[in-house]
Amino acid sequence: MLSRVAERMYWFGRYLERAENMARLVNVNASLLLDLPRMVKQTWGDLINITGCSDLFYDRHEKAEERNVIRFLVAEAGNPGSILSSIRMLRENVRTTREIMPSEAWEQINEFHIFVKNNVNSALKRDGRHEFLDAVLNFCHLISGLLSSSMSHGEAYNFTLIGRNIERADMTTRIIDVGCLNLIHHPDSTPETYDNILWMNILRSLSGYQMYRQHMLERINGEDVVAFLMRDKEFPRAIIHCLDELNECVSRLPKNDYPLRSISRVQRAVQELDVIKLMNGKLHEFIDTLQVDLADIHSQVSQTWFDYSSNEVLAEQDQARTG
Amino acid sequence: MNLKNYKIDDYYDELLNPKRQARPGAGKLINYLKKLTPEELQKRRYAAELAIKTMGITFTVYSQGENIDREWPYDIIPRIIPLREWQKTEEGLKQRLTALNHFIDDIYNEQKIIRDKVIPAEILKSSKNFRKECTGMKPVFGVWAHICGSDLVRDKDGTMFVLEDNLRVPSGVSYMLENRKVTKRVFPELFEDYNIIPMGDYPSNLFDTLCSISPRPLDFPEVVVLTPGIYNSAYFEHAFLAQQMGAELVEGSDLVIGEDECVYMKTIEGLSRVDVIYRRIDDLFLDPEVFNPDSMLGVPGLMRAWKKGNVALANAPGAGVADDKVVYTHVPDMIRYYLDAEPIIPNVPSFSCDNEKERSYVLANLENLVVKPANESGGYGMLVGPHSTRRQRQEMARLVKARPRNYIAQPVIAISTVPTLSDNSIEPRHVDLRPFTLQSDRTHVTAGGLTRVALVKGSLVVNSSQGGGSKDTWVVAPNQGRS
């Protein structure tokens, strides 16, 4: 399969996942924030921190207030992580690889794009927001379902999964990070009820609340939530689950030595994690390394399968031929 | 549907004779159409539109700074050509492409035809599509143009003429194939009654043709389709043909030339050697080292690889020298010169503005002639005399005088019509026909071709970029034992 096509399928996977994550994040947090008392530290600015786009945001907006934040995350073409930008990129990546995708999926993606373009402004108003974001989530599920059931699970599909799982693991790390910064740094100033609500909110942001409850029979507490999101092998948004899937996908591809090595290393680090120690001040540091590791997996994938500075590879091939 | 009001006028109609009776082969179709109510006919049309939408058959138009994918315009009533007549046309097309390939090969090598004064040397010197970089090349089988799309028109008395030969990157074949699929969905019952020669084997014939010119005699040569990308109006076709042949659809940036001067494509397994490139990029964009240095579409070094014989290009660079419209006027001479035969399909009588006598005739009769630039395609820069304004004619006269070599003129041909569904009735609309000919060690012609139809009443312009549509084309054999 052509490297260019592989790369576009990879980004297709990432953008689809990114759009879905963003829609859920905004949806859950927006409704929660309206309920919380002022004394609770979580603010609209946290949503910006989660996405790691603070610089870009403050270049364009003065204050992190509801209207600006929502506009930035949902409707701004200048923010490459916004829902609007993600869908545009999603469509662009498929448009250039149409011969690979099942035609129904292409049609749905087109409709998705048209829907977002026409309705994105309704997300800026409180009364239309939920409906819009729900529709975005539905489109995302529809498209991944279509691909899963009507596209051959070969190399092209594999690359969409790689993109999806890297993006997904990345989002989980960000949500844990920001949520925990608030909770851990201000344990005394936050009443316990709200502490609970915030942990629940973190789970809901990753659509993990129900699954958590089914697995962990105790009441909600910080250690368990972090442990669940880090290394529950069965929960699809848990970091270890994403890494396991990545490992599986990459194992099916040729020349996978380097990326596979990086992935296995991170898998081990997550599995051997001591959560209690982590909760005593080491979490943020650990999450930082984890994000660097994910970025590293991305560049391994990209160097192995997408980039060829042609001469190097040719030299390599020449050696293989003569040697 | 009533055909009593169908006006045949002065044109040749492909399905009905002047007495509005069905021509040979068209009887069943006409009877069938007569039995359908206007509502039923509209229903079929909606079914066709739906099929085109769901099959994703589109073409791209560039308008207002944006590329828009439009649904392919298609008329449900097919055009019919009896097999016996078609066989003669087919022979004519084979003869013509053979002569054209002899000509191209000769021009880039000995130039015998010029030395023997059959064709004037000046024509070559001023040709925009002559590529001096190709001189001395000897592609395998002596074939330069492997894929040719010829535009045929039928005149008032029913004679078929060749209007143009397209030897660079002719397009339309995917629409020909898709039209057939749509018609099968819309009129399945007619296929029961007719013996329609299938044409669905084109992609596999194309693949065989491409494989046969591979520089490495392997069982499985690596064939790719090289596209300029999604912004090209024929991108749908590039993707379609790649998919149908099971070949990779590549862009220039997917290919590199190795130090061994072979072509490689970048795959996830590493670099993989490419043997044959079906290129859908014009010569001048193929290789920035040799041609347009700003081209982002091509592959630096591709011409080196081709000249070394390490990769085959279809069509070969430089093949366009023979689809120049001035060269066109000499094709009958080529057929006589190289094949020692009379042309089976005639040229449309043409005046070459390069020739002083013919030029003064053209300038004096602009009102009655069609004047065409020698090197354009898609109907651009053309003057249709009878439909032109005085100002347009004055402008054309100025252009012709300034660069006579760039223009030819032809009498207005009253091109034939086919019954076509318009809003609520069936009316005649003008058509041409583009069959596709493949040549390597063997020659193959599609059964029929793409019928393009001018959907606007009275219009003679059939190009899809200018409001034209299309029809399925049936070459029908007499029924043998099938009822």
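This brings us to the packing of helix α6 (residues 103–119) of chain A against helix α7 (residues 126–150) of chain A. Residues and elements named next belong to chain A. Contact geometry of α6 with α7 gives a least axis separation of 10 Å together with a crossing angle of 170 degrees. Here α6 is positioned roughly antiparallel relative to α7, judged by the angle of their axes. In this structure, α6 contributes Glu 104, Ala 105, Gln 108, Ile 109, Phe 112, Phe 115, Val 116 and Asn 119 to the contact, and α7 contributes Phe 132, Ala 135, Val 136, Phe 139, Leu 142, Ile 143, Leu 146, Leu 147 and Ser 150. Tallied by class, residues from the contact of α6 with α7 come to 13 nonpolar, three polar and one charged.

Below, the discussion takes up the sheet that holds strand β17 (residues 407–411) of chain B. Backbone-to-backbone hydrogen bonds pair the strands of a sheet. The strands run either parallel or antiparallel. Residue and element names in this part refer to chain B. Here four strands make up an open sheet; going across it, the order is β14-β17-β15-β16 and the pairing antiparallel. At either end of the open sheet lies a strand with only one pairing partner, and these are β14 (351–352) and β16 (383–384). Where strand β15 (residues 369–373) and β16 come together, two bridges link them in antiparallel fashion. Along β16, the bridge assignment pairs Val 370 with Val 384.

Okay, the pairing of β15 of chain B next. Strand residues, when the strand is regular, have side chains that alternate between the two faces of the sheet. Residues and elements named next belong to chain B. Burial runs high along β15: four of the five residues are buried. Strand direction decides the pairing type here: β15 and β17, joined by five bridges, are antiparallel. Pairing of Pro 373 across the sheet is with Tyr 407, part of β17.

Residues and elements named next belong to chain A. The assigned domain composition of chain A is domain 1 (1–151) and domain 2 (153–308). With 31 residues of domain 1 at the contact, the number on the domain 2 side is 28 residues. Secondary-structure elements contributing two or more residues to the side of domain 1 that touches domain 2 are α1 (3–35) and α2 (44–51). At 19 residues, the largest contribution of residues to the side of domain 1 that touches domain 2 is made by α1. Broken down by class, the residue content of the side of domain 1 that touches domain 2 amounts to 17 nonpolar, seven polar and seven charged.

In this section: the packing of helix α13 (residues 257–271) of chain A against helix α14 (residues 275–306) of chain A. Helix-helix packing is characterised by the crossing angle of the two axes and by the distance between the axes. All names here are of chain A. Following both chains from N to C, one finds α13 and α14 inclined at 165 degrees, their axes separated by 8 Å at the closest point. With respect to their mutual orientation, α13 and α14 come out roughly antiparallel. Once α13 is placed against α14, the crossing between them reads as left-handed. Residues Tyr 258, Pro 259, Ser 262, Ile 263 and Val 266 of α13 lie in contact with α14, whose contacting residues are Asp 293, Asp 296, Ile 297, Gln 300, Val 301 and Thr 304. In terms of residue class, the contact of α13 with α14 is built from six nonpolar, three polar and two charged.

Once that is clear, we can look at the environment of Pro 386 of chain B. Residue and element names in this part refer to chain B. The residue Pro 386 is located in the loop between β16 and α15 (390–402) in this model. Residue class for Pro 386 comes out exposed when judged on the 10 C-beta atoms lying within 10 Å of it. Here the alpha-carbon distance between Pro 386 and Asn 368, two residues 18 residues apart in the chain, equals 5.6 Å. Among residues more than four places away in sequence, those in contact with Pro 386 are Glu 367, Asn 368 and Val 412.

This brings us to the sheet that holds strand β7 (residues 223–226) of chain B. Residues and elements named next belong to chain B. Overall, parallel pairing links the four strands, which are arranged β8-β7-β12-β13 in an open sheet. The two strands at the open ends of the sheet, each matched to only one other strand, are β8 (248–250) and β13 (312–314). Shown here is a sheet whose adjacent strand axes are inclined to one another by a mean of 30 degrees, direction ignored. Where β7 lies against β8, three bridges are found, and the strand directions are parallel. The partner of Val 224 across the bridge, within β8, is Glu 248.

Conventions used here
Residues numbered from 1 in each chain as written. Chains lettered and ligands numbered in written order. Predicted model: local features only at pLDDT ≥ 70, side-chain atom pairs only at ≥ 80, totals over all residues. Axes fitted to C-alpha atoms, helices over the stretch in contact; angles between N-to-C directions. Helix = DSSP H or I, 4+ residues; strand = E, 2+ residues; numbered from the N terminus. Parallel < 35°, antiparallel > 145°, perpendicular 65-115°, else oblique. Contact = placed C-beta atoms within 7 Å. Nonpolar A, V, L, I, M, F, W, Y, C, P; charged D, E, K, R; others polar. Pairing = 2+ DSSP bridges. Buried ≥ 20, exposed ≤ 12 C-beta atoms within 10 Å, placed from the backbone. Domains from an automatic or database assignment. Left-handed = near helix turned anticlockwise from the far one by under 90°.

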